[in-house]
Amino acid sequence: MEFRIGTGYDIHRLVEGRKLILGGIQIPHTLGCLGHSDGDALSHAIADAILGATAMGDIGQFFPDTDENIAGISSLTILSEICSEMKKRYWRIVNIDSTVVIEKPKLAGYIPDIKKKLVRILGIPEDAIGVKAKTGEGLGPVGENKCVEVFVSVLLQR
Ligand code: MG
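If you're wondering where the values come from, they're calculated on a predicted model, not measured in any experiment.

1. A few points about a nonpolar patch on the surface
- Taken together, the side chains of Y9, I11 and F151 define a hydrophobic patch exposed on the protein surface, amounting to about 270 Å² of accessible area.
- In this structure, F151 sits in strand β7 (residues 147–157).

2. Considering helix α3 (residues 75–88)
- Here α3 spans 20 Å end to end across 14 residues, near enough to the 20 Å set by a 1.5 Å rise per residue.
- Turning to α3, its buried residues are S75, L76, I78, L79, I82, C83, E85 and M86.
- Of the surrounding secondary structure, the elements contacted by the buried residues of α3 are α1 (41–53), α2 (59–62), β5 (92–101), α4 (111–122) and β7.
- Following α3 by one or two positions, Y90 adopts a phi angle in the positive range, close to 70°.

3. Focus on the side chain of S43
- Summarising the element assignment, S43 is placed in helix α1.
- Residue classification places S43 among the buried residues on the basis of a relative accessible area of 0%.
- When residues no more than four places from it in sequence are discounted, the contact partners of S43 are G23, G24, S75, L76, L79 and L118.

4. Overview of the packing of α3 against α4
- The N-to-C vectors of α3 and α4 enclose an angle of 40°; their axes lie 9 Å apart at closest approach. Comparing the axis directions of α3 and α4 gives the class oblique. Within the contact between the two elements, α3 uses L76, L79, S80, C83 and K87 and α4 uses K117, L118, I121 and L122.
- A per-class count over the contact of α3 with α4 returns six nonpolar, one polar and two charged.

5. A short note on the environment of R18
- Within the secondary structure, R18 sits in the loop between β1 (3–16) and β2 (21–22).
- When the C-alpha atoms of R18 and I96 are compared, they prove to be 27 Å apart, with 78 residues separating the residues in sequence.
- Looking at R18, its side chain comes within polar contact range of the main-chain oxygen of S37, at 2.9 Å.

6. Some remarks on the sheet that holds strand β4 (residues 31–33)
- If you walk across this open sheet you meet the five strands as β4-β1-β7-β5-β6, and the pairing is mixed. Two strands lie at the open edges of the sheet, namely β4 and β6 (129–134), each paired on one side alone. Neighbour to neighbour, the strand axes of the sheet diverge by 20° on average, direction disregarded.
- For β1 and β7, the ladder comprises eleven bridges, and the chain directions are antiparallel. Its bridge partner being in β7, H12 is matched across the sheet by V148.
- Lying on the sheet, α1 is in contact with β1, β5, β6 and β7; it crosses β1 at an angle near 155°.
- Running at roughly 145° to β6, α4 makes contact with β5 and β6 of the sheet.

About the criteria used
Just so you know, the residues in each chain are numbered from 1, in the order the chain's sequence is written. It should be noted that, the model being predicted, local features are given only for residues of pLDDT at least 70 and side-chain atom pairs only at 80 or more, the latter also being counted only at that level, while totals for whole chains, interfaces and linings use all residues. The basis for every side-chain value is the complete set of heavy atoms in the structure, and neither hydrogens nor water enter the calculation. The patches reported here contain residues having more than 30% relative accessible area and no salt bridge. Joining distances are 9 Å for like charges and 5 Å for nonpolar side chains (Val, Leu, Ile, Met, Phe, Trp, Tyr). What sets the accessible areas is the Shrake-Rupley method with a 1.4 Å probe; for residues, cover comes only from the shown protein chains. In what follows, salt bridge is the name for a side-chain nitrogen of Lys or Arg lying within 4 Å of a carboxyl oxygen of Asp or Glu. Secondary structure elements are taken from DSSP: a helix is a run of H or I of four residues or more, a strand is a run of E of two residues or more, and numbering for both begins at the N terminus. An expected span of 1.5 Å times one less than the residue number is assigned to each helix. For each residue, the accessible area found with a 1.4 Å probe, counting protein chains only, is set against the maximum for its type, and the residue is called buried under 20%, exposed over 50%, and partly exposed in between. Two residues form a contact once any of their heavy atoms are found within 4.5 Å. The convention used is that axes are lines fitted to C-alpha atoms, helices contributing only their stretch in contact, and that angles between N-to-C directions extend from 0 to 180 degrees. Angular relationships are summarised with four words: roughly parallel below 35 degrees, roughly antiparallel beyond 145, roughly perpendicular across 65 to 115, and oblique for the angles in between. Each residue receives one of three labels: charged for Asp, Glu, Lys and Arg, nonpolar for Ala, Val, Leu, Ile, Met, Phe, Trp, Tyr, Cys and Pro, and polar for the others, Gly being one of them. Think of a polar contact as two N or O atoms within 3.5 Å of one another; within protein, one of them needs to be a possible hydrogen donor and the other a possible acceptor, and neighboring residues in sequence only count if both atoms come from side chains. Strand pairing is assigned whenever DSSP identifies at least 2 bridges connecting the two strands.

Nothing here speaks to function; it is all geometry.
Pasting the structure below:
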């Protein structure tokens, strides 16, 4: 049996006039993620972690931000596509751990819905995905509400 680990990272600027979508769930807030897609940094970081573990490249190779056909695309579509590419190579996800760093709003109340959404897309049990939220403690661009950052680890098996 083979195992692979992967790490994913993403950062998106928070701006007015955009929706805040994390893990496919829209979270009520005055600011949202700027991006070519819907700006879902959590889904992007998970996709990148899978791409890293399988040495398939990065998200930009599959979904270039210069491609007008995918402007505003749901990042769940991106994640689902990357997941099927992974499965074609006979990998399966053992577990995912993620940390979302955002100053506001508090994410705790949305995490159960985010997990439900992600397990459906990824086809894994709910106890195989950790979604943790932290603030920037007022420090740096995250602490100043300028951006959201996400860190992900994934373990794959085949
Ligand atoms: Mg991104």
